[in-house]
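Structural features, examined
Here is what each chain is made of, one letter per residue.
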Amino acid sequence: MVSPATRENVLWGVVAGLSFLVLVQGYELLGDERVTVLVKAGLAVLVALVAGVTAHLVRPHVAPSNEQA
């Protein structure tokens, strides 16, 4: 079974990747240039990985606000 901390880190990565795709879609709707699906997918995966790793590295330094110490 996956630990809660790992699940949270993965979810942060998923949220970041999907948020990036929303931003790219808005860019395409407002601008004249198009981005290929391969570039979108590759960058979304990269953003998700960076966000997940960052969440993992920052987690020990952030005090939980809803848990007792």
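Placed above this text is the structure.
Residues numbered from 1 in each chain as written. Predicted model: local features only at pLDDT ≥ 70, side-chain atom pairs only at ≥ 80, totals over all residues. Heavy atoms only, no water.

1. Observations concerning the side chain of Glu-28
Going by this rule: Only DSSP runs of H or I reaching four residues or more are called helices, and only runs of E reaching two or more are called strands; each is numbered from the N terminus. The contact criterion used is simple: two residues touch if any of their non-hydrogen atoms lie within 4.5 Å.
Assignment of secondary structure puts Glu-28 in helix α1 (residues 4-30). Discounting chain neighbours no more than four positions away, the residues touching Glu-28 are Glu-33, Arg-34, Val-35 and Lys-40.

2. Digging into the pattern of salt bridges
Put simply, the rule is: Throughout this description, the term salt bridge denotes a Lys or Arg side-chain nitrogen within 4 Å of a carboxyl oxygen of Asp or Glu. Buried, partly exposed and exposed residues are distinguished by accessible area as a fraction of the type maximum, computed with a 1.4 Å probe on protein chains only: under 20%, between the cut-offs, and over 50%, respectively.
Applying the stated criterion across every chain yields a total of two salt bridges. Taking the shortest distance from any N to any O, the salt bridge between Arg-59 and Glu-8 comes out at 2.5 Å. Here the residue Arg-59 occupies a position in the segment after α2 (37-58), and Glu-8 occupies one in helix α1, the gap between them amounting to 51 residues. On the basis of relative accessible area, Arg-59 is assigned to the partly exposed category, the value being 40%. A salt bridge links Glu-28 to Lys-40; its shortest N-O distance comes to 3.1 Å. Of the two residues, Glu-28 sits in helix α1 while Lys-40 sits in helix α2, which places them twelve residues apart along the sequence. Here Glu-28 falls in the buried class, since its relative accessible area comes to 7%. A relative accessible area of 17% places Lys-40 in the buried class.

3. Concerning the packing of α1 against α2
What counts is decided by this rule: Angles shown run from 0 to 180 degrees and are taken between the N-to-C directions of axes, each axis being a line fitted to C-alpha atoms and, for helices, limited to the stretch in contact. Put simply, a crossing is left-handed when the front helix is turned counterclockwise from the back one by less than a right angle, and right-handed when it is turned clockwise. When residue character is reported, Ala, Val, Leu, Ile, Met, Phe, Trp, Tyr, Cys and Pro are called nonpolar, Asp, Glu, Lys and Arg charged, and the others, Gly included, polar.
Where α1 meets α2, the axes come as close as 7 Å, and the angle between the chain directions of the two elements is 145°. You can see that α1 and α2 cross each other, and the crossing is right-handed. Here α1 contributes Asn-9, Trp-12, Gly-13, Ala-16, Gly-17, Phe-20, Leu-21, Val-24, Gln-25 and Glu-28 to the contact with α2, which in turn contributes Lys-40, Leu-43, Ala-44, Val-47, Ala-48, Ala-51, Gly-52, Ala-55 and His-56. Grouping the constituent residues of the contact of α1 with α2 by class yields eleven nonpolar, six polar and two charged.

4. Comments concerning a nonpolar patch on the surface
Selection criterion: In this analysis, a patch consists of residues with relative accessible area above 30% that form no salt bridge, clustered at 9 Å for like charges and at 5 Å for the nonpolar side chains Val, Leu, Ile, Met, Phe, Trp and Tyr. Here, Shrake-Rupley sampling with a 1.4 Å probe gives the accessible areas, and only protein chains in the shown set may cover a residue.
A grouping of Val-10, Val-14, Leu-18 and Leu-21 is seen on the molecular surface, where their side chains present a nonpolar patch of about 330 Å² in accessible area. Tracing the backbone shows Val-14 in helix α1. Overall, the relative accessible area of 41% leaves Val-14 in the partly exposed class.

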